[in-house]
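Architecture and fold: a report
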Amino acid sequence: MVKKQVPEWLNSSLWSSSTSSSSPLLPPPPSDTDDHGGDDDRLPPLSSKPAPSMHSYATSPSYGSSTVVSDSRTKPPIPVSPPAIVREEPPKREVKDVRRDDDNGTSPNLSSGPSPEEISRQAQLLAELSRKVINIGELRKLAAQGIPDGAGIRSTVWKLLLGYLPSDRSLWASEMAKKRSQYRHFKEDLLMNPSEITRRLDKSSGLENDEAKGEGKGLLSRSEISDGEHPLSLRKASIWNQFFQDTEIMEQIDRDVKRTHPDMNFFSGDSPFAKSNQDALRNILIVFAKLNPGIRYVQGMNEILAPLYFMFRNDPDEDNASSAEADTFFCFVEVLSGFRDHFCQQLDNSVVGIRSTITRLSQLLKEHDEELWRHLEITTKVNPQFYAFRWITLLLTQEFNFADSLHIWDALLSDPEGPLETLLRVCCAMLILIRRRLLAGDFTANLKLLQNYPPTNISHLLYVANKLHVHPSGQSL
Amino acid sequence: MVLVLALGDLHIPHRAADLPPKFKSMLVPGKIQHIICTGNLCIKEVNDYMKSLCPDMHVTRGEYDEDPRYPETKTLTIGQFKVGICHGHQVIPWGDLDSLAMLQRQLDVDILVTGHTHQFKAYKHEGGVVINPGSATGAYSSLTYDVNPSFVLMDIDGLRVVVYVYELIDGEVKVDKIDFKKTATTHSMH
């Protein structure tokens, strides 16, 4: 009776996320559950009263509810019924993933080779991409299911989804050339230090020649400076003054770039490759900060930039990989355009700011799972700002490992309504997936759990998020 | 793009109380990478003030300095340039180009920064360049009472140096600049 609001299929152990690596959560044939050795200590208390089940969350959430015991008998039909509700592919994939789940439940597709669905999806994507004029709507739908890592097409698909590349293939070369040269000009204009600027100005006004004549001896001639431009100038419009005011931001950017993904050789380490990647990240962020005096640079932008740059730099096409910096810049601007207001402190409390977005997430959770919402917000008083702030502003890059966040970004970027909608749904799904543990936990436990989100099967997460879209409030009561 | 401040002959507190306020307002920490001080500060407080502007400070001993531990001469390398510092009271005649050129050859530097005359000068000769930043406080010298406060800021960028000369004339700060390049192969300036 307690679980009325959440559908039974959601409660079934088939969908639960793994907790510790020790407990194999998802036995292939459901009927084995009752005979499972590890469950012995858990099952007896379950049948007597549901209360102790709440405290067994540490071991495994899926067995912590009394309904599971009854479900286990009806398990065989369950994998079959979901396909009737939604598309055939994702649940089939779920089952396959589930059975292959001997590692920690993170998407194992990379290690165990592409499944038939993946290969077919890959073929479909390649087919779509090779058309003369690409149907972006169709591409979005295909990408929403996830872009396979194998064929290296993700970077092209992302570029199309973000509008960097036009849908007409024949225009690609000219568009890219135009954008890349534009970025080069930005760099030249904005990344020059004042010494170089003065030198260029002098050269253009012909003052350069005087000292080159090489006199033997004598007093050096003094020349006038233009506009009072000297390094110690305190004038607002002085290039030197602006330069020194920017150094603070440059230092901030530099620090953050060095801290991006320290575990990945691509980004950190002493190799020249890592250094060049760091330089590229730094340049992009500096150019962005200078072009956008409104928001400049805020900590966290480096995290949003990292996956984009990684994908584009690892593009199998040589030409694209070498111009990754320029491409990433424009795509970064595009991605950030939907989320700019989250980074502006003044807008925090406004209708478009981060607080209102977090409230929207809260509302979404309330719609779909009122019991969990009540438990989190009212009973345990876990303010969504404590966990959702990082989820939303950094687009979930910090919650999952790098490969998983790329999959999530596939779903985010392919949403025709914009990444924010999908992001909120994914966050909601993240909460719903660990609902048992959250319902069992108090403030400290829940906060700890939410701030270190446990590893999950990403395709499952995206599937649940998608379901929230399809059935808006059909689940309640 | 390395900014190097060169100043000296402040004679605080004996002949002057402090730097002119207009100079002080311009000298803020965080902009300058090195400070070269020719000497005659004279007290520790001035040393500490300059250290607060920039931690990398090089001082040589002037005849009125109260700290006996400053060296007589000093050489350092900034970017592509070798810079030498000496107060200048040791070089007789004071302020004479040929004698200073001799010192420059002895120290084997491209730029020699000296003081003592309290007059700004920038000379060039085959061996290199001699810069005298003058007195930053406008203190009177052994030679003359008519001294304008002045100091020098060098912008060293590769093989090129832009010397910005800051002088306080009639209560107004006047800034001029001097440009010179060093040829990569030879040791001398052209």
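Our subject in this report is the structure included herewith. This one's a predicted model, so the numbers in the text were calculated from it and none came from an experiment.

Parameters at a glance
- Residues numbered from 1 in each chain as written.
- Chains lettered and ligands numbered in written order.
- Predicted model: local features only at pLDDT ≥ 70, side-chain atom pairs only at ≥ 80, totals over all residues.
- Heavy atoms only, no water.
- Helix = DSSP H or I, 4+ residues; strand = E, 2+ residues; numbered from the N terminus.
- Buried < 20%, exposed > 50% of the residue type's maximum accessible area, 1.4 Å probe, protein only.
- Areas by Shrake-Rupley, 256 points an atom, 1.4 Å probe, with all protein chains shown as cover.
- Contact = heavy atoms within 4.5 Å.
- Buried area = accessible area lost by both parts, 1.4 Å probe.
- Salt bridge = Lys/Arg side-chain N within 4 Å of Asp/Glu carboxyl O.
- Polar contact = N/O pair within 3.5 Å; in protein donor to acceptor, adjacent residues only side chain to side chain.
- Pairing = 2+ DSSP bridges.
- Arc of directions from axis to C-beta.
- Patch = residues over 30% accessible without salt bridge, like charges linked within 9 Å, V, L, I, M, F, W, Y side chains within 5 Å.
- Phe/Tyr/Trp six-rings, centres within 6.5 Å; stacked < 30°, edge-to-face > 60°.
- Axes fitted to C-alpha atoms, helices over the stretch in contact; angles between N-to-C directions.
- Parallel < 35°, antiparallel > 145°, perpendicular 65-115°, else oblique.
- Left-handed = near helix turned anticlockwise from the far one by under 90°.
- Nonpolar A, V, L, I, M, F, W, Y, C, P; charged D, E, K, R; others polar.

**Digging into the overall build of chain B**
When helices and strands are counted, chain B shows three helices and eleven strands. In sequence order, chain B lays out its α and β elements as β-α-β-α-β-β-β-α-β-β-β-β-β-β. The proportion of buried residues among the 190 residues of chain B is 61%. Looking at chain B as shown, the accessible area adds up to about 7,400 Å², and 54% of this sits on carbon and sulfur atoms.

**So, the interface of chain A and chain B**
Contacts between the two partners involve 31 residues from chain A, matched on the other side by 35 residues from chain B. Surface buried jointly by chain A and chain B totals about 3,000 Å² across both partners, of which 57% is contributed by carbon and sulfur atoms. If you sort the residues of chain A by the area they bury against chain B, Leu220, Arg222 and Leu232 of chain A come out on top, with a joint share of 26%. Along the contact surface separating chain A from chain B lie zero salt bridges.

**Points about the side chain of Ser362 of chain A**
Residues and elements named next belong to chain A. As for its position among the elements, Ser362 is in helix α19 (residues 354-368). For Ser362, a relative accessible area of 9% corresponds to the buried category. Here Trp373 takes part through its side chain, which lies 3.2 Å from a polar atom of the side chain of Ser362. Not counting chain neighbours up to four residues away, the residues in contact with Ser362 comprise Trp373, Glu377 and Pro384.

**Re the sheet that holds strand β2 (residues 34-37) of chain B**
Overall, mixed pairing links the seven strands, which are arranged β2(A)-β11(B)-β10(B)-β9(B)-β1(B)-β2(B)-β3(B) in an open sheet. Among the strands making up the open sheet, the edge pair consists of β2 (223-224) of chain A together with β3 (57-59) of chain B. In this sheet, strand β11 (residues 172-181) of chain B lies alongside β2 of chain A in antiparallel orientation, the contact comprising two bridges. Each residue of the ladder has a partner; that of Ser223 of chain A, found in β11 of chain B, is Lys177 of chain B.

**Some details on the environment of Ala324 of chain A**
Residues and elements named next belong to chain A. The topology assignment puts Ala324 in helix α17 (residues 324-337). A relative accessible area of 0% places Ala324 in the buried class. On a C-alpha basis, the gap between Ala324 and Arg313 in space is 5.2 Å, while along the polypeptide they are eleven residues apart. In this view, Ala324 contacts Tyr309, Phe312 and Arg313; residues no more than four positions away in its chain are not counted.

**A look at the side chain of Ser195 of chain A**
The topology assignment puts Ser195 of chain A in helix α12 (residues 194-204). Judged by its relative accessible area of 1%, Ser195 of chain A is buried. Apart from residues no more than four positions distant in its own chain, Ser195 of chain A is found in contact with Trp240 of chain A together with Met1, Asp155, Asp157 and Arg160 of chain B.

**Structural notes on helix α20 (residues 370-379) of chain A**
Residues and elements named next belong to chain A. Turning to α20, its buried residues number three or more, namely Leu372, Trp373, His375 and Leu376. Here the buried residues of α20 occupy an arc of 165 degrees about the axis, which is enough to place them on one side. Looking at the buried side of α20, the elements it contacts are α19, α21 (385-393), α23 (419-433), α24 (435-440) and α25 (443-451). Immediately beyond the C-terminal end of α20, within one or two residues, lies Lys381, with a positive phi of roughly 55 degrees.

**Structural notes on a nonpolar patch on the surface**
Together, Ile92, Trp94 and Leu143 of chain B line one region of the surface with nonpolar side chains, adding up to about 350 Å² of accessible area. Following the sequence through the fold, Ile92 of chain B ends up in the loop between β5 (81-86) and α3 (97-107).

**A closer look at α21 of chain A**
Residues spaced three or four apart along an α-helix point in a common direction, a consequence of the helix completing one turn every 3.6 residues. Residue and element names in this part refer to chain A. Listing the buried residues of α21 in full gives Tyr387, Ala388, Trp391, Ile392 and Thr393. For α21, the elements touching its buried residues are α15 (301-313), α18 (340-343), α19, α20, α23 and α25. After α21 finishes, the residue Leu395 shows a positive phi value of roughly 55 degrees.

**Describing unusual backbone geometry**
Following Leu41 of chain B, the chain continues to Cys42 of chain B via a peptide bond in cis, the omega torsion being 5 degrees. Positionally, Cys42 of chain B belongs in the loop between β2 and α2 (44-53). Note the cis peptide between Ile92 of chain B and Pro93 of chain B, where omega equals -5 degrees. Assignment of secondary structure puts Pro93 of chain B in the loop between β5 and α3. We note that Lys381 of chain A has phi near 55 degrees; this positive angle belongs to a residue other than glycine. Tracing the chain through its elements places Lys381 of chain A in the loop between α20 and α21. Although it is not a glycine, His118 of chain B adopts a positive phi angle of roughly 60 degrees.

**Side note on the environment of Pro149 of chain B**
All names here are of chain B. Tracing the chain through its elements places Pro149 in the loop between β8 (128-133) and β9 (150-157). Since its relative accessible area comes to 10%, Pro149 is described here as buried. Each residue touching Pro149, except ones within four places of it in the same chain, is listed here: Pro20, Phe23, Ser135, Ala136, Thr137, Gly138, Tyr166, Glu167 and Leu168.

**Some remarks on the environment of Asp348 of chain A**
As for its placement among the helices and strands, Asp348 of chain A is situated in the loop between α18 and α19. For Asp348 of chain A, a relative accessible area of 22% corresponds to the partly exposed category.

**Focus: the packing of aromatic side chains**
Enumeration according to the criterion identifies 23 aromatic pairs over all chains in this entry. Summarising the aromatic geometry, the rings of Trp240 of chain A and Tyr164 of chain B are spaced 6.4 Å apart at their centres and angled 85 degrees between planes, so their arrangement reads as edge-to-face. Of the two residues, Trp240 of chain A is situated in helix α13 (residues 239-259) and Tyr164 of chain B in strand β10 (residues 160-169); the pairing between them involves two chains. As far as the burial class goes, Trp240 of chain A and Tyr164 of chain B line up, both buried. Summarising the aromatic geometry, the rings of Phe151 of chain B and Tyr166 of chain B are spaced 4.8 Å apart at their centres and angled 10 degrees between planes, so their arrangement reads as stacked. One end of the pair, Phe151 of chain B, is in strand β9; the other, Tyr166 of chain B, is in strand β10, and 15 residues separate them in sequence.

**Some details on the packing of helix α9 (residues 136-144) of chain A against helix α22 (residues 402-414) of chain A**
Residue and element names in this part refer to chain A. Closest axis-to-axis distance for the α9/α22 pair is 8 Å, and the angle between their directions is 150 degrees. Between α9 and α22, the angle is such that the two are roughly antiparallel. Along this stretch, α9 crosses α22, giving a crossing that reads as left-handed. On α22, the residues touching Arg140, Ala143 and Ala144 of α9 are Asp410, Ala411, Leu413 and Ser414. When grouped by side-chain class, the residues that make up the contact of α9 with α22 number four nonpolar, one polar and two charged.

**Re the sheet that holds β8 of chain B**
One open sheet accounts for six strands, arranged β1(A)-β7(B)-β8(B)-β6(B)-β5(B)-β4(B); its pairing is mixed. Two strands bound the open sheet, and with one partner strand each, they are β1 (218-219) of chain A together with β4 (73-78) of chain B. Two elements, strand β7 (residues 120-125) of chain B and β8 of chain B, share six bridges in a ladder whose sense is antiparallel. Paired with Lys124 of chain B across the strands is Val129 of chain B, a residue of β8 of chain B.

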